[in-house]
2 protein chains.
Amino acid sequence: MDAAEPTEGAAWDEVTPDAARRLLIAAVEAFAEQGYHATTTRDIAGRAGMSPAALYIHYKTKEELLHRISRLGHEKAVRILQAAADAEGSAAERLARAVRSFVVWHAEHHTTARVVQYELDALGPEHRAEVVDLRRQCDAAVRRILLDGVRDGEFDVPDVPGTTLAVMSLCIDVARWFNAAGRRTPDEVGVLYADLVNRMVRSGA
Amino acid sequence: MDAAEPTEGAAWDEVTPDAARRLLIAAVEAFAEQGYHATTTRDIAGRAGMSPAALYIHYKTKEELLHRISRLGHEKAVRILQAAADAEGSAAERLARAVRSFVVWHAEHHTTARVVQYELDALGPEHRAEVVDLRRQCDAAVRRILLDGVRDGEFDVPDVPGTTLAVMSLCIDVARWFNAAGRRTPDEVGVLYADLVNRMVRSGA
DNA sequence: CCCATCGCTGAGCAAGCGCTTAGGGAGCGC
DNA sequence: GCGCTCCCTAAGCGCTTGCTCAGCGATGGG
């Protein structure tokens, strides 16, 4: 389907210089494993092979690290969903693409996704507001597909906002339970979930 | 202050003495708002109107508080799902009841549910193992309903374990996004979700 | 009226936290 | 060689954390 998903390392290409990227990747792993509040700056620096003080050359605070991770992750999510919503094809095809690529991203980058989706409350007020706005754009993209499908008679969806919520919720929760060592590949989960969501909205019964 | 949630107080009836219950309810609120690691023992004791030291008369450690909350919550979840699985009626009726009551519980007690579902990793190894076992019982109850429905030709479910996972995931994530001040009541969400899940598994299209 | 018991508090300890500061060493133009 | 810049470290500051402990006031049996 769409262009190959970048790998874990390549996803942070835009973060420079090298030391800042290494710290950020270390922070993602630590936050995903233990949560933001349980992670110490010493732990992050240690994973990146640096002394505790090195962190503060590249980031003002620990919270700024989380903010950078959260913003980059949400921007990626918005891009994935808007690409699907803007694509050619029937509403069913666009919805399937949206769910599949969104789920694959959550499964493949489940460490990043876990931080992005579950550490939102650890952000400061203005940083959180910025990220909440990006989430609204995610919702809007999915809702647009559903509304198109209802308008064209493709879908039977009595409660569009509620179903949008449920679809997003289903995809996001993948980050919580997905385990790379488990028996399902990200793509298998994506295909399964696209089918389940299609069943939720298809008309006729 | 919690008059809006009539069952909230009654849910912790079994916790005695009174001071221990007040501390536990304070801990649920604090953990749900800020997360386990961001909550201090001083905060919990303060919410219960006590000094920091009072906590350690009733609980050995902060982790024991989380364990008690998590265990009681999971036991309730198991009871809800097994009651639905064991009920009379068609598989569709039992599935609808399971989803509806499970979702209503997550919405009504979303503070408790948030702690129960998202602070699992903060438990010590042996306490976590105990709780993970209870979660397997939850999964098993839902899977049993799906298998019955497939056997009787009521459901069309190509991937029973995967669909079980998705149904549980959908219900659990309610605890993350549900807001008591929002425009949906717990019962409305329960009815909506029961319908969406029914559409996932119904045969014919 | 006394004193043991229970539930609790005030004060504080050792450890660990986020973050700062002074300074070292490699690479560069001149 | 010299000085300048850029990354980085060792040491540590001020503060908060989970948890402890000696002791206090209220209660109730004798």
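Residue indices begin from 1 for each chain and proceed along its sequence in written order. The order in which chains are written sets their letters, starting at A; the order in which ligands are written sets their numbers, starting at 1. With pLDDT at 70 or above as the cut-off, local features in this predicted model cover only qualifying residues; side-chain atom pairs require 80 or more to be listed or tallied, and sums for whole chains, interfaces and linings still use all residues. Calculation of side-chain values draws on the structure's entire complement of heavy atoms; hydrogens and water are dropped beforehand.

- Per an unreviewed UniProt entry, chain A goes by TetR/AcrR family transcriptional regulator and derives from Streptomyces triticagri.

1. Observations regarding the domain arrangement of chain A
Residue and element names in this part refer to chain A.
Then, number 1: Each domain span listed reflects an automatic or database assignment of domains. Entries for chain A in the domain assignment read domain 1 (9-59) and domain 2 (67-201).
Then, number 2: Each of domain 1 and domain 2 has a C-alpha centre, and the two are 26 Å apart.
Then, number 3: Across the boundary between the two partners, domain 1 contributes twelve residues, which contact nine residues of domain 2.
Then, number 4: Here the quantity called buried area is the total loss of accessible area, with a 1.4 Å probe, experienced by two parts when brought into contact, counted for both. When domain 1 packs against domain 2, close to 990 Å² is buried across both sides, 77% of that on carbon and sulfur atoms.
Then, number 5: On the domain 1 side of the contact with domain 2, W12, V28 and A32 bury the most area, a combined 41% of that side's loss.
Then, number 6: In the sections that follow, a salt bridge refers to a side-chain nitrogen of Lys or Arg positioned within 4 Å of a carboxyl oxygen of Asp or Glu. Scanning the region where domain 1 abuts domain 2 turns up zero salt bridges.
Then, number 7: Polar contacts here mean pairs of N or O atoms no more than 3.5 Å apart (in protein, one a potential hydrogen donor and the other a potential acceptor; neighbouring residues in sequence count only if both atoms are side-chain atoms). The interface formed by domain 1 and domain 2 contains one residue pair in polar contact (both at pLDDT 80 or more). Residues are treated as being in contact if the distance between any of their heavy atoms lies within 4.5 Å.

2. Thoughts on the UniProt feature "DNA-binding region" (unreviewed entry) in chain A
Then, number 1: Listed under "DNA-binding region" (unreviewed entry) in the UniProt record, and renumbered for this structure, are residues 40-59 of chain A.
Then, number 2: Secondary structure across residues 40-59 of chain A divides into 55% helix and 0% strand, with the first and last C-alpha atoms of the span separated by 14 Å. UniProt positions are given in the numbering used here, feature names are shortened, and annotations may be inferred rather than shown by experiment. Strands are runs of DSSP state E lasting at least 2 residues, helices are runs of H or I lasting at least 4, and numbering of each runs from the N terminus.

3. Comments concerning the protein's contact with DNA strand C
Then, number 1: Inspection of the region around DNA strand C gives 16 residues, with T40 and T41 of chain A together with S51, I57 and H58 of chain B positioned closest.
Then, number 2: Residues are counted as near a molecule or strand when any one of their heavy atoms sits within 4 Å of it. Among the atoms of DNA strand C close to the protein, meaning within 4 Å, 51% are from sugar or phosphate groups.
Then, number 3: The contact in question runs from a phosphate oxygen of DNA strand C to an N or O atom on the side chain of H58 of chain B, over 2.9 Å.
Then, number 4: Residue assignment for the surface near DNA strand C shows that the elements contributing at least two residues are α2 (41-47) of chain A together with α4 (55-58) of chain B.
Then, number 5: Residues belonging to the surface near DNA strand C are distributed by class as follows: seven nonpolar, six polar and three charged. Residues are sorted three ways: Asp, Glu, Lys and Arg are charged, Ala, Val, Leu, Ile, Met, Phe, Trp, Tyr, Cys and Pro are nonpolar, and all the rest, Gly among them, are polar.

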